[in-house]
Amino acid sequence: MNAANQMTAAEHTRASVSDCRRELARDYAVGLQRYLAERDDEPALARAHELGRKALAHGLGVLEMATIHSQAIVGALNGRLTSADKARLLDGLERFFMQALAPFEMAHRGFWEANVILHRLNDVLEGQAKRIAFALHDEAAQLLAAVHLSLADVASRAAPETARELQAARALLDQIEHRLRNLAHELRPPILDDLGLVPALEFLAESVSKRSGFRVTVEASIDHALPDIVETTLYRITQEALNNVAKHAKATHAGISVRQHTDRIVCSITDDGVGLNRTPAAAETRSRGLGLLEMQERAAALGGQFRLSGPDTPGTDVTIEIPLEP
Amino acid sequence: MASTFNPEARLADLNHRRESGMAHNKCEARVRIQCSDDIMAARQRGRAVASKGGFSNSDLTIIATAIYEVARNIVEHAGKGEISISLIKDAHKRGVEIVAADRGPGIEDVSLVMRDGYSTGSGLGIGLPGAKRLMDEFEIASELGKGTTVRMKKWAT
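Residues numbered from 1 in each chain as written. Chains lettered and ligands numbered in written order. Predicted model: local features only at pLDDT ≥ 70, side-chain atom pairs only at ≥ 80, totals over all residues. Heavy atoms only, no water.

Draft legend 1. Representation of the overall build of chain B in the model. A tally of helices and strands in chain B yields five helices and five strands. When the helices and strands of chain B are placed in sequence order, the string is α-β-α-α-β-β-α-α-β-β. In chain B, once contacts between residues fewer than 6 apart in sequence are set aside, the share between residues at least 24 apart is 63%. As displayed, chain B has an accessible area near 7200 Å², and 47% of this comes from carbon and sulfur atoms. (Helix = DSSP H or I, 4+ residues; strand = E, 2+ residues; numbered from the N terminus. Contact = heavy atoms within 4.5 Å. Areas by Shrake-Rupley, 256 points an atom, 1.4 Å probe, with all protein chains shown as cover.)

Shown next, in the form of structure tokens:
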């Protein structure tokens, strides 16, 4: 990442938005004047609609539109303050403004729709993970057990040397079984459905700790049962955060803390590793970035917030805050 | 949906219902759409018809906006077509129905054009998907080589 280049790019974007904003403000003021002056006003209203579309496409926000509108009003009111027809003027201002905002309304509704779909998609993915986990854990494990038994059977009737080789094969089978069980747990720990978030996090902490060689502690205070989707989201984010710690942080300790408040739940994952700024390889940064984005989106899907410690603090601190229905 | 499509039959059906007084449909305005001036005309007629239907100022804006989006779609993708606007009512509510029909190239996969950014290339949720979100009811039917009909309704609250 080149911070200097990024700054320049951001400044470029800002500069072109402000150029575009000036141009839009001018066109808007002209369009509004024309609308207020013309009797046949539909083309002027359609122009407002087009200006709104353009503003939306150039990344302007609703508040900027409000500013552009108020500035245009100042122009439009010039010399009109004494007019007897103030009500008509105000009505015209309102119509023109609403028309310019209509594209934002469409986009806004699209956002809500997408959010609902995102929720549903999350449910679908969790359902799939559950099914795959079950297939790995129960079905595949049963088949492996059957292979185990047949091998044992063959071994008991085989020459000693062959029996030793079969024994080695059975040891491999044990490893496969172990891996499958771990994989199934990572996909969708049955413990999350059976016992809830805290035992699932404790189990996760233990297995990450065993696998990756740093200590993971869990500190939780949860008074009431949480909605399934909140539990799943917190579990997944914690899982992803611990993966990041294992991959990049070179930490000796990671801490998971979950606290339920009356109106929200706060979960943070901290470590004493190298912190965010000091993971040099570009490939690492990329894969890490994707994980962060996913965590952020999972939290956002529940109206939650995702915070990350700054680049110059020691260690890393990932905090998620999700609002709870009272 | 696509296989039952016939824009002429739909318009004929609409006319028939108007003439025979079936249902309570009354076709109030019909505008040929071929160029951007026609889009203005459709907006204007739509607003005029809807203003008789008890809509608020913001609903009138929404209706004009949706008409603009479907009319623009006709100009851009079919070249020409027709938009009819009628006041409608059922047992409990009054509303406005807008039918936009063209005999343009048609759309092979309707679900594709209803995806954000497909026809506008911007993904901002305007265009046909935007019109759908603004209205209470929205149907689109299309057949390759025959054309496309969008039928949408907004109920007065």
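Draft legend 2. Main features of the packing of helix α2 (residues 42-57) of chain A against helix α3 (residues 57-77) of chain B. Closest axis-to-axis distance for the α2(A)/α3(B) pair is 11 Å, and the angle between their directions is 80°. It follows that α2(A) is roughly perpendicular to α3(B) by the angle criterion. Contacts from A:Glu42, A:Ala46, A:His49, A:Glu50 and A:Arg53 of α2(A) reach α3(B) at B:Ala64, B:Thr65, B:Tyr68, B:Glu69 and B:Arg72. When grouped by side-chain class, the residues that make up the contact of α2(A) with α3(B) number three nonpolar, two polar and five charged. (Axes fitted to C-alpha atoms, helices over the stretch in contact; angles between N-to-C directions. Parallel < 35°, antiparallel > 145°, perpendicular 65-115°, else oblique. Nonpolar A, V, L, I, M, F, W, Y, C, P; charged D, E, K, R; others polar.)

Draft legend 3. Fine view of the sheet that holds strand β2 (residues 253-260) of chain A. Residues and elements named next belong to chain A. The strand order β1-β2-β3-β5-β4 describes an open sheet built from five strands, whose pairing is mixed. Looking at which strands have only one partner, the edges of the open sheet turn out to be β1 (215-221) and β4 (305-308). Taken pair by pair, the neighbouring strands of this sheet meet at an average axis angle of 10°, ignoring direction. Here seven bridges tie β2 to strand β3 (residues 264-271), and the two strands are oriented antiparallel to one another. Its bridge partner lying in β3, Arg 259 is registered against Val 266. (Pairing = 2+ DSSP bridges.)

Draft legend 4. Up close: the pattern of salt bridges. Summed over all chains, the structure comprises 28 salt bridges over all chains. When the shortest N-O distance is used, the salt bridge between B:Arg43 and A:Glu42 registers 2.8 Å. You can see B:Arg43 sitting in helix α2 (residues 36-51) and its partner A:Glu42 sitting in helix α2, one on each of two chains. Assigned by exposure class, B:Arg43 and A:Glu42 land together as buried. Put simply, A:Glu50 and A:Arg47 hold a salt bridge, and the shortest N to O gap is 3.9 Å. Of this pair, A:Glu50 and A:Arg47 both sit in helix α2, three residues apart, which is roughly one turn of that helix. (Salt bridge = Lys/Arg side-chain N within 4 Å of Asp/Glu carboxyl O. Buried < 20%, exposed > 50% of the residue type's maximum accessible area, 1.4 Å probe, protein only.)

Draft legend 5. Structural view of the packing of α2(A) against helix α4 (residues 86-157) of chain A. All names here are of chain A. Direction vectors running N to C along α2 and α4 enclose 40°, while the axes themselves pass 8 Å from each other. With respect to α4, the axis of α2 lies oblique. α4 is crossed by α2, and the crossing has right-handed handedness. Residues Ala 44, Leu 45, Ala 48, His 49, Gly 52, Arg 53, Ala 55 and Leu 56 of α2 lie in contact with α4, whose contacting residues are Arg 95, Phe 96, Gln 99, Ala 100, Pro 103, Phe 104, Met 106 and Ala 107. Within the contact of α2 with α4, the residues separate by chemical class into 11 nonpolar, three polar and two charged. (Left-handed = near helix turned anticlockwise from the far one by under 90°.)

Draft legend 6. How the structure looks around the nonpolar core. B:Val70, B:Ile83, B:Ile85, B:Ile98, B:Ile140 and B:Met152 are the most contacted members of the largest nonpolar core, which has 36 residues in total. No other element matches α3(B), which puts eight residues into this core. Each residue touching B:Ile83, except ones within four places of it in the same chain, is listed here: B:Ala29, B:Arg30, B:Val31, B:Ile33, B:Ala42, B:Ile67, B:Val70, B:Ala71, B:Ile74, B:Ile98, B:Val99 and B:Ala100. Counting 35 residues, the second-largest nonpolar core is a separate cluster that includes A:Leu192, A:Ile237, A:Leu242 and A:Val258. (Core = buried A, V, L, I, M, F, W, Y, C linked by side-chain atoms within 4.5 Å.)

Draft legend 7. Looking closely at the pairing of β1(A). All names here are of chain A. Across seven bridges, β1 lies against β2 in parallel orientation. Within the sheet, the bridge partner assigned to Thr 217 lies in β2 and is Gly 255. One crossover worth recording links β1 to the parallel β2 by way of helix α8 (residues 228-249), and it is left-handed. (Right-handed = clockwise from strand over helix to strand, strands pointing away.)

Draft legend 8. The interface of chain B and chain A, seen in detail. On the side of chain A, 23 residues touch chain B, which itself brings 22 residues to the contact. Across the contact surface, chain B and chain A share four salt bridges. Between A:Glu113 and B:Arg133 there is a salt bridge, with the nearest N and O atoms lying 3.0 Å from each other. On the surface where chain B and chain A come into contact, there are 12 residue pairs in polar contact (both at pLDDT 80 or more). With nine residues, the single largest contributor to the side of chain B that touches chain A is α3(B). Of the residues assigned to the side of chain B that touches chain A, the class counts are eight nonpolar, nine polar and five charged. (Polar contact = N/O pair within 3.5 Å; in protein donor to acceptor, adjacent residues only side chain to side chain.)

Draft legend 9. Local environment of empty space enclosed by the protein. Residue and element names in this part refer to chain A. Applying the stated rule across the entire model yields one cavity of 30 Å³ or more. Estimated volume of the largest cavity: approximately 80 Å³. In terms of lining residues, the largest cavity is bounded by 10 residues, among which Ala 241, Asn 244, Val 245, Thr 316 and Val 318 are the most central. Counting only elements with at least two residues in the lining of the largest cavity, the list comes to α8, β3, α9 (282-301) and β5 (316-323). Take the lining of the largest cavity: its biggest share by element is four residues, from α8. (1 Å grid on protein atoms, 1.4 Å probe; cavity = no way out; pocket = protein on both sides within 12 Å on 5 of 7 lines; lining within 4 Å. Points joined across faces, edges and corners; volume = space filled by probe spheres on them.)

Draft legend 10. How the structure looks around the packing of aromatic side chains. Across all of its chains, the model carries three aromatic pairs over all chains by this definition. Centre to centre, the rings of A:Tyr28 and A:Phe96 are 5.1 Å apart; their planes meet at 80°, and the pair counts as edge-to-face. You can see A:Tyr28 sitting in helix α1 (residues 3-37) and its partner A:Phe96 sitting in helix α4, a full 68 residues away along the chain. By way of ring pairs, the aromatic residues A:Tyr28, A:Tyr35 and A:Phe96 are connected into one cluster. Over the face of the ring belonging to B:Trp155 we find B:Lys93, whose NZ or CZ atom lies 4.5 Å from the ring centre. (Phe/Tyr/Trp six-rings, centres within 6.5 Å; stacked < 30°, edge-to-face > 60°. Lys NZ or Arg CZ within 6 Å of the ring centre and 35° of its normal.)

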